[in-house]
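Understanding the architecture of this molecule
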Amino acid sequence: MSHILDRPIWSALETAHASLAEGNERARRYPPSIVPFAASADDRPESLEALENLPQGDETMLLVEAGPIAIPRGLAAVSEALAVQMIAERPHERVTDSRIQPLSEADAEEMLALATLTKPGPFTRRAQSLGTFWGIRAGDRLIAMAGQRLRQTGFAELSGLCTHPQFQRRGLGTLLFRFVAGEIAARGETAYLHAYANNTPAIGLYRSLGFRLRSEMNLRVVKRRA
């Protein structure tokens, strides 16, 4: 029997993020202005056909699944990667630190600039549509942040973790990681995350912070065939 996180994009758009979904009961995606994630309900021909009909023009979509990813005939993979999905081994305690403040729409441009500089993963000005983000500032400058992205019934993805290069190696990323994991646990949900399989330093850090490998994951970026 498959796990709800084996097809994390589909299960998020079917549950906690259903209000954001574009598509139908066979294939869904997030609005591209929020995040380029999409998924089919399964690998049946009618589901793959529905997935094929989601992108418009030259739009790309990112697919993430635990098993092999079936790509419709009308779509082509433009890139692929291996990742790992890690999950909290235990509920994390809540962290209190006056430096950590919730971020709002007024911070969207700064958040995008920090994410563009550090590349924590797909990120847009509307990333906060997916979940709450928190940040740390040095004066008026946003120097570190983390938040929540995909959400399913009982689960929430810790994501967007990044620190400005000038402020790294000060423990800010670890602090925000523990903070967000604690906020997820306080809601009675289990925190999980994704990392590229070759990012061994990050994977080692996440293990030290109480996360274990749940599954290997496949990533594909696809677009319409010319």
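Looking at an unreviewed UniProt entry, one finds the chain named FR47-like protein, with Rhizobium azibense as its source organism.

The next point concerns the overall build of the chain. Summing up its helical and strand segments, the chain has 5 helices and 11 strands in all. Taken against the 2.2 N^0.38 rule, which gives 17 Å for 226 residues, the C-alpha radius of gyration of the chain at 17 Å falls within 12% of a compact globule. On the principal axes, the C-alpha backbone points of the chain span a range of 50 × 35 × 30 Å. Going through the 226 residues of the chain one by one, you find that 50% of them count as buried.

Now for the layout of surface pockets. A volume near 1,000 Å³ is recorded for the largest pocket. Surrounding the largest pocket, 44 residues form its lining, Pro120, Leu161, His194, Asn199 and Tyr206 being those nearest its centre. Per element, the largest residue contribution to the lining of the largest pocket is 7 residues, and it comes from strand β9 (residues 155–163). Along the lines of polarity and charge, the residues of the lining of the largest pocket split into 25 nonpolar, 12 polar and 7 charged.

Turning to the pairing of strand β8 (residues 141–152), a few remarks are in order. Regular strands have side chains that alternate between both faces of the sheet. Among the 12 residues in β8, 10 count as buried, and that is most of the element. Here strand β7 (residues 133–138) runs beside β8; their pairing, made up of 6 bridges, is antiparallel. Bridging from a neighbouring strand, tryptophan 134 pairs with alanine 146 of β8. Adjacent in sequence and paired antiparallel, β7 and β8 are bridged by 2 residues, among which glycine 139 carries a positive phi angle near 70 degrees. Of the pairings in the sheet, the one linking β8 to β9 comprises 6 bridges and is antiparallel in character. Paired with glutamine 148 across the two strands is leucine 158, which belongs to β9. With antiparallel pairing between neighbouring strands as the criterion, β8 and β9 make up a hairpin whose turn holds 2 residues, including glycine 154 at a positive phi of roughly 90 degrees.

Bringing the side chain of asparagine 218 into the picture now. The residue asparagine 218 is located in strand β11 (residues 211–224) in this model. Take asparagine 218: its relative accessible area is 14%, and that puts it in the buried class. Within polar-contact distance, the side chain of asparagine 218 engages the backbone oxygen of glycine 67 at 2.9 Å. Contact partners of asparagine 218, with chain neighbours within four places excluded, come to Leu63, Val64, Glu65, Ala66, Gly67, Pro68, Ile69, Ala81 and Leu82.

Our next topic: helix α5 (residues 200–208). Every buried residue of α5 is accounted for by Ala202, Ile203 and Tyr206. Seen from one end, α5 has its buried residues packed into an arc of 100 degrees, which puts them on one side. Seen from the open side of α5, the exposed residues pointing more than 90 degrees away from its buried face are Thr200, Pro201 and Ser208. Contact partners of the buried residues in α5: β5 (75–88), β9, α4 (172–186), β10 (190–196) and β11.

Right, let's get into the domain arrangement of the chain. Taken as a whole, the chain is organised into domain 1 (6–82 + 216–222) and domain 2 (85–214). Each partner contributes to the interface: domain 1 provides 22 residues, whereas domain 2 provides 16 residues. Of the roughly 1,600 Å² buried between domain 1 and domain 2 on both sides combined, carbon and sulfur atoms contribute 65%. Considering only the side of domain 1, the residues that lose the most area to domain 2 are His17, Ile34 and Phe37, jointly responsible for 28% of the buried surface there. Run the count over domain 1 and domain 2 and you get 1 salt bridge. In this structure, arginine 214 engages aspartate 6 in a salt bridge whose closest nitrogen and oxygen atoms are separated by 2.5 Å. Scanning the region where domain 1 abuts domain 2 turns up 7 residue pairs in polar contact (both at pLDDT 80 or more). A total of 4 residues in the side of domain 1 that touches domain 2 trace back to one element, the largest contributor, which is helix α1 (residues 8–14). Tallied by class, the residues present in the side of domain 1 that touches domain 2 amount to 17 nonpolar, 4 polar and 1 charged.

Reading guide: rules and limits
Residues numbered from 1 in each chain as written. Predicted model: local features only at pLDDT ≥ 70, side-chain atom pairs only at ≥ 80, totals over all residues. Heavy atoms only, no water. Helix = DSSP H or I, 4+ residues; strand = E, 2+ residues; numbered from the N terminus. Rg over C-alpha atoms; globule rule 2.2 N^0.38 Å. Buried < 20%, exposed > 50% of the residue type's maximum accessible area, 1.4 Å probe, protein only. 1 Å grid on protein atoms, 1.4 Å probe; cavity = no way out; pocket = protein on both sides within 12 Å on 5 of 7 lines; lining within 4 Å. Points joined across faces, edges and corners; volume = space filled by probe spheres on them. Nonpolar A, V, L, I, M, F, W, Y, C, P; charged D, E, K, R; others polar. Pairing = 2+ DSSP bridges. Polar contact = N/O pair within 3.5 Å; in protein donor to acceptor, adjacent residues only side chain to side chain. Contact = heavy atoms within 4.5 Å. Arc of directions from axis to C-beta. Domains from an automatic or database assignment. Buried area = accessible area lost by both parts, 1.4 Å probe. Salt bridge = Lys/Arg side-chain N within 4 Å of Asp/Glu carboxyl O.

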